Amino acid sequence: MSVASTRGSAAAKALYRSLLRAHQTYLPAEMKQLGDAYVKSEFRLHKNVTKPEQLSAFFREWERYLDQIVLTGKAKDAVDDSGSRAFEFGKELPQEVALSDEQKEQLEKLKDEATKAGQS
(Lines give C-alpha, C1' and ligand atoms only; values in the text may rest on other atoms or scores of the structure.)
Protein backbone atom coordinates (compact mmCIF):
# COMPACT_ATOMS: atom_id res chain seq x y z
CA MET A 1 0.00 0.00 0.00
CA SER A 2 1.34 3.44 -0.84
CA VAL A 3 0.34 7.08 -0.57
CA ALA A 4 -1.42 6.86 -3.90
CA SER A 5 -3.24 3.58 -3.24
CA THR A 6 -4.39 4.54 0.26
CA ARG A 7 -6.00 7.86 -0.58
CA GLY A 8 -6.49 7.08 -4.21
CA SER A 9 -4.02 7.91 -6.89
CA ALA A 10 -6.20 10.71 -8.22
CA ALA A 11 -6.50 12.38 -4.79
CA ALA A 12 -2.74 12.20 -4.18
CA LYS A 13 -1.98 13.64 -7.61
CA ALA A 14 -4.61 16.34 -7.21
CA LEU A 15 -3.14 17.47 -3.89
CA TYR A 16 0.38 17.41 -5.34
CA ARG A 17 -0.70 19.50 -8.36
CA SER A 18 -2.68 21.89 -6.16
CA LEU A 19 0.39 22.51 -4.00
CA LEU A 20 2.58 23.25 -7.02
CA ARG A 21 -0.12 25.45 -8.54
CA ALA A 22 -0.48 27.41 -5.27
CA HIS A 23 3.28 27.95 -5.21
CA GLN A 24 3.15 29.21 -8.81
CA THR A 25 0.25 31.52 -8.09
CA TYR A 26 1.07 32.91 -4.67
CA LEU A 27 4.75 32.55 -3.75
CA PRO A 28 7.63 34.83 -4.68
CA ALA A 29 10.03 33.15 -7.14
CA GLU A 30 12.69 32.23 -4.58
CA MET A 31 10.10 30.69 -2.25
CA LYS A 32 8.37 28.89 -5.13
CA GLN A 33 11.56 27.11 -6.10
CA LEU A 34 12.21 26.01 -2.53
CA GLY A 35 8.58 25.04 -1.93
CA ASP A 36 8.38 22.99 -5.12
CA ALA A 37 11.58 21.12 -4.27
CA TYR A 38 10.33 20.37 -0.77
CA VAL A 39 6.88 19.18 -1.92
CA LYS A 40 8.44 16.91 -4.54
CA SER A 41 10.91 15.51 -2.02
CA GLU A 42 8.26 14.83 0.64
CA PHE A 43 5.83 13.18 -1.76
CA ARG A 44 8.66 11.04 -3.11
CA LEU A 45 9.71 10.03 0.43
CA HIS A 46 6.15 9.08 1.39
CA LYS A 47 5.35 7.24 -1.82
CA ASN A 48 5.63 3.80 -0.19
CA VAL A 49 4.31 4.55 3.32
CA THR A 50 1.85 1.89 4.48
CA LYS A 51 0.67 3.01 7.93
CA PRO A 52 -2.80 4.57 7.64
CA GLU A 53 -2.25 6.93 10.58
CA GLN A 54 0.99 8.20 9.05
CA LEU A 55 -0.67 8.70 5.68
CA SER A 56 -3.61 10.47 7.25
CA ALA A 57 -1.27 12.87 9.06
CA PHE A 58 0.74 13.39 5.87
CA PHE A 59 -2.32 14.41 3.84
CA ARG A 60 -3.86 16.45 6.66
CA GLU A 61 -0.71 18.52 7.14
CA TRP A 62 -0.20 19.13 3.40
CA GLU A 63 -3.85 20.16 3.06
CA ARG A 64 -3.40 22.58 5.99
CA TYR A 65 -0.26 23.94 4.33
CA LEU A 66 -2.14 24.41 1.06
CA ASP A 67 -4.95 26.26 2.83
CA GLN A 68 -2.40 28.53 4.53
CA ILE A 69 -0.60 29.32 1.26
CA VAL A 70 -3.86 30.18 -0.48
CA LEU A 71 -5.17 32.24 2.44
CA THR A 72 -1.95 34.20 2.83
CA GLY A 73 -1.51 34.53 -0.91
CA LYS A 74 -4.95 36.04 -1.37
CA ALA A 75 -4.43 38.40 1.54
CA LYS A 76 -0.88 39.47 0.66
CA ASP A 77 -2.04 42.40 -1.43
CA ALA A 78 -4.54 43.59 1.15
CA VAL A 79 -3.52 46.60 3.18
CA ASP A 80 -4.46 47.43 6.73
CA ASP A 81 -5.65 50.81 8.06
CA SER A 82 -2.08 52.12 8.30
CA GLY A 83 -1.45 51.41 4.62
CA SER A 84 0.89 48.48 5.33
CA ARG A 85 0.47 45.08 3.81
CA ALA A 86 -1.62 42.93 6.10
CA PHE A 87 0.28 39.71 5.31
CA GLU A 88 3.69 38.79 4.01
CA PHE A 89 5.26 35.42 3.32
CA GLY A 90 8.02 34.44 5.66
CA LYS A 91 9.18 36.08 8.83
CA GLU A 92 12.25 36.19 10.99
CA LEU A 93 12.19 33.96 14.04
CA PRO A 94 13.50 35.28 17.33
CA GLN A 95 16.85 33.82 18.34
CA GLU A 96 15.43 32.36 21.56
CA VAL A 97 13.09 29.89 19.83
CA ALA A 98 13.65 26.40 21.22
CA LEU A 99 13.45 23.62 18.64
CA SER A 100 13.04 19.91 19.25
CA ASP A 101 15.53 17.48 17.75
CA GLU A 102 12.93 16.54 15.13
CA GLN A 103 12.39 20.20 14.22
CA LYS A 104 16.15 20.74 13.96
CA GLU A 105 16.39 17.73 11.64
CA GLN A 106 13.54 19.04 9.46
CA LEU A 107 15.18 22.47 9.35
CA GLU A 108 18.45 20.88 8.25
CA LYS A 109 16.60 18.98 5.48
CA LEU A 110 14.96 22.22 4.39
CA LYS A 111 18.36 23.93 4.32
CA ASP A 112 19.75 21.11 2.16
CA GLU A 113 16.79 21.35 -0.24
CA ALA A 114 17.21 25.13 -0.45
CA THR A 115 20.89 24.72 -1.23
CA LYS A 116 20.13 22.16 -3.95
CA ALA A 117 17.38 24.35 -5.41
CA GLY A 118 19.70 27.34 -5.48
CA GLN A 119 22.30 25.39 -7.43
CA SER A 120 19.95 24.19 -10.16
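Up top you'll find the structure we're talking about.
Residues numbered from 1 in each chain as written. Predicted model: local features only at pLDDT ≥ 70, side-chain atom pairs only at ≥ 80, totals over all residues. Heavy atoms only, no water.

Undergrad: Could you give me a rundown of the side chain of H23, with the residues and numbers involved?
TA: You can see H23 is positioned in helix α2 (residues 9–26). Overall, H23 belongs to the buried group, its relative accessible area being 0%. (Helix = DSSP H or I, 4+ residues; strand = E, 2+ residues; numbered from the N terminus. Buried < 20%, exposed > 50% of the residue type's maximum accessible area, 1.4 Å probe, protein only.)

Undergrad: Can you explain the side chain of E42? Please cite residues and give values.
TA: Relative to the assigned elements, E42 resides in helix α3 (residues 29–45). Although E42 lies buried, it forms no salt bridge, and the closest oppositely charged side chain, K109, sits 5.4 Å away as judged by the N-O distance. Among all residues touching E42, those that are not within four sequence positions of it are F58 and W62. (Lys, Arg positive; Asp, Glu negative; His and termini not counted. Salt bridge = Lys/Arg side-chain N within 4 Å of Asp/Glu carboxyl O. Contact = heavy atoms within 4.5 Å.)

Undergrad: So, the packing of aromatic side chains: which residues are in play, and what are the values?
TA: Inspection of every chain in the model, using the stated rule, returns seven aromatic pairs. Between the aromatic rings of F43 and W62, the centroid separation amounts to 6.0 Å while the plane-to-plane angle is 50°, which identifies the pairing as tilted. Linking F43 in helix α3 with W62 in helix α4 (residues 52–75), this pair joins segments that are 19 residues apart in sequence. Centre to centre, the rings of W62 and Y65 are 5.3 Å apart; their planes meet at 85°, and the pair counts as edge-to-face. Residue W62 and its partner Y65 are located together in helix α4, separated by three residues, close to a single helical turn. (Phe/Tyr/Trp six-rings, centres within 6.5 Å; stacked < 30°, edge-to-face > 60°.)

Undergrad: So what about α4? Which residues, and what values?
TA: Between the first and last C-alpha of α4 there are 34 Å, a value that for 24 residues agrees with the 34 Å anticipated at 1.5 Å per step. Within the span of α4, buried status applies to L55, F58, F59, W62, L66, I69, T72, G73 and A75. (Expected span 1.5 Å × (residues − 1).)

Undergrad: Tell me what's going on with α3, and back it up with residues and numbers.
TA: Helix length check: α3, at 17 residues, gives a terminal C-alpha distance of 24 Å against a target of 24 Å (1.5 Å per residue), a fit within 8%. When we look at burial in α3, the residues that qualify are G35, D36, A37, Y38, V39, S41, E42 and F43.

Undergrad: Describe the pattern of salt bridges, naming the residues involved and giving the relevant values.
TA: Enumeration according to the criterion identifies four salt bridges in this entry. In this structure, K32 and D36 form a salt bridge, with 2.5 Å as the shortest nitrogen-oxygen distance. In this pair, K32 and D36 are both assigned in helix α3, four residues apart and thus about one turn of the helix distant. For K32, a relative accessible area of 23% puts it in the partly exposed group. What makes D36 buried here is its relative accessible area of 9%. Ionic pairing is found between R60 and E61, a salt bridge with its closest N-O pair at 3.9 Å. Owing to a relative accessible area of 42%, R60 belongs among the partly exposed residues under this scheme. Accessibility expressed as a relative area gives 37% for E61, which makes it partly exposed. One network of salt bridges, in which partners are shared, links R60, E61 and R64.

Undergrad: With reference to specific residues and values, describe the environment of Q24.
TA: Here Q24 lies in helix α2. Q24 gets classed as exposed once you look at its relative accessible area, which sits at 53%. Sequence separation of Q24 and G35 is 11 residues, and the distance between their C-alpha atoms is 9.7 Å.

Purely geometric numbers; function is a separate question.
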